[in-house]
Amino acid sequence: MKPVIALTKGRLEKQFTEFLKSNGYDVAPLLDKGRRLQVETDDFFAVFAKGIDVTTYVEYGIADLGIVGADILLEVQPDVFDLLPLPFGKCRFAVAGLPTSEVRGGKQRIATKYPNIATKYFREQGKSIDIVKLEGSVELAPLLGLADDIVDIVETGSTLKENGLIVKEEMFSLSARCIANRNSLKLKKSILAPIIDSFRMEEVAR
Ligand SMILES: Nc1ncnc2c1ncn2[C@@H]1O[C@H](COP(=O)(O)OP(=O)(O)OP(=O)(O)O)[C@@H](O)[C@H]1O
Ligand SMILES: O=P(O)(O)OC[C@H]1O[C@H](OP(=O)(O)OP(=O)(O)O)[C@H](O)[C@@H]1O
C-alpha cells in the first residue's frame, strides 16, 4: 500500500518536485501530470491542492502526509502533526510599508492575507491594530491608502522594492513543512517511516 501525500500547488509544488528528485525519487509522473490533480508515483499517490486545503485533507485523513508552508499552519492551526521543516519555501514575515508612513490618529491599520499571525504579533507587543484582510497583492494597500502598513511574506524583497515599500520590522523566518495525519502516523508507520526519514536525512544533509 502506498501513502497519499497532499502537495501545495504553485510555488511549493516545483520546489518539492526538485527536492524529491535530488533525493533519488522518480518525479517523472509529477512533471507529466498536466492538469491532473492526482498522480501515482513508484512510492506514493500525490494529490495537488491549495495550501489551506492540504491541511484539510491531512486533518481528515484523506492524505497521510502534506507539504505546506509554515505560514498556513500558523494562520489556520489545523489539527495535524507538524513533523519537520523542509529545505525550501524559505522566506520571512515582515511588517512593511511606505518609508514615509506615519500612523494617523487612532489604531494602526494593517493589510494582510494573515490576520491571525498579524494580530498575534502585534498583541505580543502590546499593540491593538485594525486588520484589513486581503487575498493577494497586499503591497497595493499602503500605496492606495487602504492601510498604513502590511504584514506579508518577503523572500527576495523585489516586490516591496519595486513598489517603493520597505521592511519596517522583521518578524520571523519560515519554510515549507511536512505534516502528517495523527492516526496515519500510528496505523501506517511502516510505510510512512521511509519517506519521512528520507525528508529528514535531506534536512540534516543541508
Ligand atoms: N515569495 C515567496 N518566497 C518563498 N515562499 C513563498 C513566497 N510566497 C509564498 N511562499 C510560500 O509558498 C506557499 C505557496 O505560495 P503560493 O504563492 O504558490 O500560493 P498562495 O500564497 O496560496 O497564492 P495563490 O492564491 O496564488 O495560490 C505559501 O504558503 C508560502 O509558504
Ligand atoms: O520578496 P519577494 O521575492 O518579492 O516575494 C514576496 C511576494 O511573494 C508573495 O506573493 P505571491 O507571489 O504569492 O503573490 P500574491 O500577492 O498573490 O500573494 C508575497 O505575498 C509577496 O508579495
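Residues numbered from 1 in each chain as written. Chains lettered and ligands numbered in written order. Predicted model: local features only at pLDDT ≥ 70, side-chain atom pairs only at ≥ 80, totals over all residues. Heavy atoms only, no water.

- If you check an unreviewed UniProt entry, the protein chain appears there as ATP phosphoribosyltransferase from Lederbergia graminis.
- Its UniProt record, at the heading Subcellular location (unreviewed entry), says of the protein chain: "Cytoplasm". (UniProt positions renumbered as here; feature names shortened; annotations may be inferred.)

### So, the side chain of Thr41
Next up, step 1: Note on placement: Thr41 falls in the loop between β2 (38–40) and β3 (45–49).
Next up, step 2: Non-local contacts of Thr41, meaning those with residues more than four positions away in its chain, are made with Lys2, Asp26, Pro29 and Leu30. (Helix = DSSP H or I, 4+ residues; strand = E, 2+ residues; numbered from the N terminus. Contact = heavy atoms within 4.5 Å.)

### Topic: the sheet that holds strand β6 (residues 91–97)
Whether parallel or antiparallel, the strands of a sheet pair through hydrogen bonds between backbone atoms.
Next up, step 1: Spatial ordering of the open sheet is given by β8-β7-β9-β6-β10, a layout of 5 strands whose pairing is mixed. The open sheet is flanked by β8 (130–133) and β10 (166–174), the only strands paired with a single partner. On average, adjacent strands in this sheet sit at an angle of 25° to one another, irrespective of strand direction.
Next up, step 2: Sitting on the sheet, helix α5 (residues 115–124) is in contact with β6, β7 (109–112), β8, β9 (149–154) and β10, with an inclination near 105° to β10. (Pairing = 2+ DSSP bridges. Axes fitted to C-alpha atoms, helices over the stretch in contact; angles between N-to-C directions.)

### Here we look at the environment of Leu31
Next up, step 1: Take Leu31: it is sitting in helix α2 (residues 28–31).
Next up, step 2: Considered as a pair, Leu31 and Ser190 are 159 residues apart in the sequence and their alpha carbons are 27 Å apart.

### Points about the site of ligand 2
Next up, step 1: Lining the immediate environment of ligand 2, one finds 13 residues, of which Arg11, Glu139, Glu155, Thr156 and Thr159 sit closest.
Next up, step 2: At 2.8 Å from an oxygen atom of ligand 2 is found a main-chain nitrogen or oxygen belonging to Ser137.
Next up, step 3: Glu139 has a polar side-chain atom sitting 2.6 Å from an oxygen atom of ligand 2.
Next up, step 4: For ligand 2, the protein covers 72% of the area, taking 500 Å² as the surface of the free molecule.
Next up, step 5: Mapped by element, the contributors of at least two residues to the shell around ligand 2 are β9 and α7 (158–162).
Next up, step 6: Taken together, the residues that form the shell around ligand 2 break down as 2 nonpolar, 6 polar and 5 charged. (Near = heavy atom within 4 Å. Polar contact = N/O pair within 3.5 Å; in protein donor to acceptor, adjacent residues only side chain to side chain. Areas by Shrake-Rupley, 256 points an atom, 1.4 Å probe, with all protein chains shown as cover. Nonpolar A, V, L, I, M, F, W, Y, C, P; charged D, E, K, R; others polar.)

### Quick notes on unusual backbone geometry
Next up, step 1: The residue Gln77 is not glycine, and still its phi comes out positive at about 50°.
Next up, step 2: With respect to the element layout, Gln77 can be found in the loop between α4 (70–76) and β5 (81–85).
Next up, step 3: The exposed category is assigned to Gln77, whose relative accessible area is 60%. (Buried < 20%, exposed > 50% of the residue type's maximum accessible area, 1.4 Å probe, protein only.)

### Overview of the nonpolar core
Among soluble globular proteins, nonpolar side chains are generally buried collectively.
Next up, step 1: If you look at the biggest cluster of nonpolar residues, it comprises 26 residues, and the most contacted ones within it are Leu65, Ile67 and Phe199.
Next up, step 2: At the level of elements, β1 (4–8), α1 (11–22), β3, β4 (65–69), β5, β11 (176–180) and α9 (189–205) are the ones that each hand at least two residues to this core.
Next up, step 3: Other than its neighbours up to four places away in sequence, Leu65 contacts Val4, Ile5, Ala6, Val58, Leu83, Cys178, Ile179, Ala180, Leu192, Ile195 and Ile196.
Next up, step 4: If you look at the next biggest cluster of nonpolar residues, it comprises 14 residues, including Ile110, Ala118, Ile129 and Val151. (Core = buried A, V, L, I, M, F, W, Y, C linked by side-chain atoms within 4.5 Å.)

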